[in-house]
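Geometric and topological summary
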Amino acid sequence: MTQVAEPQAPGRETRIERVNHWVNGARRAGASGRGGPVYNPATGEVAREVDFGSAEEVDAAVQAAKAAFPGWRATSISKRTEILFRMRNLVDEHRTDIAAHLTAEHGKVPTDALGEVARGLENLEFATGIPHLLKGEFSEQVSAGVDVYQIRQPLGVVAGITPFNFPAMVPMWMFANAIACGNTFILKPSEKDPSASIYLAELWKKAGLPDGVFSVVHGDKVAVDAILEHPDIAAVSFVGSTPVARYIYEHATAAGKRCQALGGAKNHMVVLPDADIGMAADAAVSAAYGSAGERCMAISVVAAVGDAADPLVAAIRERLPRVKVGPGSDPTAEMGPLITREHRDKVASYLDSGREQGAEVVVDGREHVLYQEGKGFFLGVSLIDHVTPEMECYRNEVFGPVLEIIRVPDYPEAVQLVNDNPYGNGVAIFTRDGGAARQFQFDVNVGMVGVNVPIPVPVAYYSFGGWKNSLFGDLHMYGPEGIQFYTRGKVVTARWPDPASSKVDLGFPRTR
């Protein structure tokens, strides 16, 4: 198994490990001569280096996957299910090892890292139900002696391009269903935290997955473009920012591929005056600052309605000093660093632009000691009040531990605020009024809605995805729509003539 990266002791020199590709069931050293650093965000030090794949290396992975596809497609559903169960059990058994990779390279505190693994594990558990999920439909005697039935078959070689913020969970969103359906899968993970993908590849090997069915190619835009342009890749799944999602979708579909590309978000939490203010404040803090705000379902805007605003802001502010910011090596830490120094500084810049454009910076995360004196990429929790929709901090996906408060006078303006936003990923409403909650879920143009639930990420047997600029493509990710995405339907019309009496009919098949 892969060794888990640990922070280097002061004054101690060690060789920096190289993260290679995984092709045809084994590690494969990069041949392009290109690569990049992998940082430990808690220390700011380079922990590893990762190979960047060339178009030729992507093609090698595709050829291995293409060669493995006929055998994997022909493998019985029972055998595939057996391998999936073994993979599920291995991920469960090694969840702390996987989480350690996430802490070392992403910076997640252990509770966040273990939570990520648990949510990814749900998708493997869902995929073990593939014998039921692939059941088709059958209609007997649609015409005299004629039956019609539909079956679902795999696409072939498919690929997933995944983001830095969930380097274990999002790949499991994709490859669990794709492989269960009989496809072969190529993963291009984020180059910022690549080691979890290789660890998962080793677990697949141990589970008995045939060589070539699962491959990992690291890299940057060169590898991405090679995937989008490769004629033997039938479908591409993507999670990331909206500009890149649009690029992925346009280029993949132009090349004739099926594509689902999940983009960015600006998730709102609407708090009505009748809400439990303490409950809403707890939810806002956990949803805004968990995983340092680096998640597409984070609450980044609280729309405080009417009289709820002042007590809610006070309750949130009162809770912020209790949020423990620190490295994942600290078992008491609740929020870790951001992924890179550049991203941390970009997030912090929205505090300045918000103040300059008229907002009130209630809590400035740059006052935290780890921002001022630490070597890692830390930013303390931040709170901005009196934000308006015209401000830069509202118009952009901040993707960090910054919570914005927009004050609206009533429910209709809160709904309009949500619906006018170009993103439509997730939204939540906090209220004691069931009628208001029901009306809200009817009114909002958003793909995932929470009622007194701040982060409404669906369980694995529903599907994940937003609307508007948060999704490019027709099908959401994982769950039933994930099965649909990784298969295509085939309808068979069959007639078995009576052997005692057979004749030729040149007419069009009739149902009446």
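A few points on the structure. (Residues numbered from 1 in each chain as written. Predicted model: local features only at pLDDT ≥ 70, side-chain atom pairs only at ≥ 80, totals over all residues. Heavy atoms only, no water.)

1. What about the overall build of the protein chain?
- Assigned secondary structure in the protein chain consists of 17 helices and 23 strands.
- In summary, the protein chain has a C-alpha radius of gyration of 25 Å against a globular reference of 24 Å for 512 residues, a match within 12%.
- With the C-alpha coordinates of the protein chain rotated into their principal frame, the extents come out at 85 × 65 × 40 Å.
- Carbon and sulfur atoms provide 52% of the accessible area of the protein chain, an area that totals close to 21500 Å². (Helix = DSSP H or I, 4+ residues; strand = E, 2+ residues; numbered from the N terminus. Rg over C-alpha atoms; globule rule 2.2 N^0.38 Å. Areas by Shrake-Rupley, 256 points an atom, 1.4 Å probe, with all protein chains shown as cover.)

2. A closer look at the sheet that holds strand S1 (residues 17-19)
- Taken together, the 3 strands give an open sheet; going across it, the order is S1-S5-S4, and neighbouring strands pair in mixed fashion. Taken across any chain shown, the strands that pair with only one partner, and hence form the sheet edges, are S1 and strand S4 (35-40). In this sheet, neighbouring strand axes are inclined to one another by 40 degrees on average, regardless of whether the strands run parallel or antiparallel.
- Across 3 bridges, S1 lies against strand S5 (residues 45-51) in parallel orientation. If you follow Arg-18 over to S5, its bridge partner there is Glu-49.
- Strand contacts of helix H3 (residues 95-105): S4 and S5, with the helix running at about 100 degrees to S4, the strand carrying the most contacts. (Pairing = 2+ DSSP bridges. Axes fitted to C-alpha atoms, helices over the stretch in contact; angles between N-to-C directions. Contact = heavy atoms within 4.5 Å.)

3. Some points on the packing of helix H2 (residues 77-93) against helix H6 (residues 169-180)
- At their nearest, the axes of H2 and H6 sit 10 Å apart, and the two run at 155 degrees to each other. Compared by their axis directions, H2 and H6 come out roughly antiparallel. Residues Arg-80, Leu-84 and Val-91 of H2 form the contact with H6, whose participating residues are Met-172, Ala-176, Ile-179 and Ala-180.
- Residues belonging to the contact of H2 with H6 are distributed by class as follows: 6 nonpolar, no polar and 1 charged. (Parallel < 35°, antiparallel > 145°, perpendicular 65-115°, else oblique. Nonpolar A, V, L, I, M, F, W, Y, C, P; charged D, E, K, R; others polar.)

4. Examining the pattern of salt bridges
- Summed over the entire model, instances satisfying the criterion amount to 29 salt bridges.
- With a shortest N-O distance of 3.4 Å, Glu-191 and Lys-188 are connected by a salt bridge.
- Classification of Glu-191 as partly exposed rests on a relative accessible area of 22%.
- Put simply, Arg-88, Asp-92, Arg-95 and Glu-125 are held in one network by salt bridges that share partners. (Salt bridge = Lys/Arg side-chain N within 4 Å of Asp/Glu carboxyl O. Buried < 20%, exposed > 50% of the residue type's maximum accessible area, 1.4 Å probe, protein only.)

5. Describing the packing of aromatic side chains
- Counted by the stated rule, this structure contains 15 aromatic pairs.
- Ring geometry for Tyr-39 and Phe-377: centres 6.0 Å apart, planes at 75 degrees, overall edge-to-face. Of the two residues, Tyr-39 is situated in strand S4 and Phe-377 in the loop between helix H13 (369-373) and strand S16 (382-385); the sequence distance between them amounts to 338 residues.
- The class for Phe-377 is buried, based on a relative accessible area of 2%. (Phe/Tyr/Trp six-rings, centres within 6.5 Å; stacked < 30°, edge-to-face > 60°.)

6. Notes on a nonpolar patch on the surface
- Together, Ile-16, Tyr-39 and Val-46 give the surface a local cluster of nonpolar side chains, amounting to about 210 Å² of exposed area.
- Relative to the assigned elements, Ile-16 resides in the segment before S1.
- Taking relative accessible area as the criterion, Ile-16 reaches 34% and is therefore assigned partly exposed. (Patch = residues over 30% accessible without salt bridge, like charges linked within 9 Å, V, L, I, M, F, W, Y side chains within 5 Å.)

7. Some thoughts on the environment of Asp-97
- Relative to the helices and strands, Asp-97 resides in helix H3.
- Given a relative accessible area of 28%, Asp-97 falls into the partly exposed group.
- Sequence spacing of Asp-97 and Tyr-199 is 102 residues, and the spatial spacing of their C-alpha atoms is 8.8 Å.
- At 3.0 Å, the side chain of Asp-97 and the side chain of Tyr-199 are in polar contact. (Polar contact = N/O pair within 3.5 Å; in protein donor to acceptor, adjacent residues only side chain to side chain.)

8. A look at the pairing of strand S17 (residues 402-408)
- Counting buried positions along S17 gives 6 out of 7 residues, so the element sits mostly inside the fold.
- Summarising the sheet, S16 and S17 pair through 3 bridges and their orientation is parallel. Along S17, the bridge assignment pairs Leu-383 with Leu-403.

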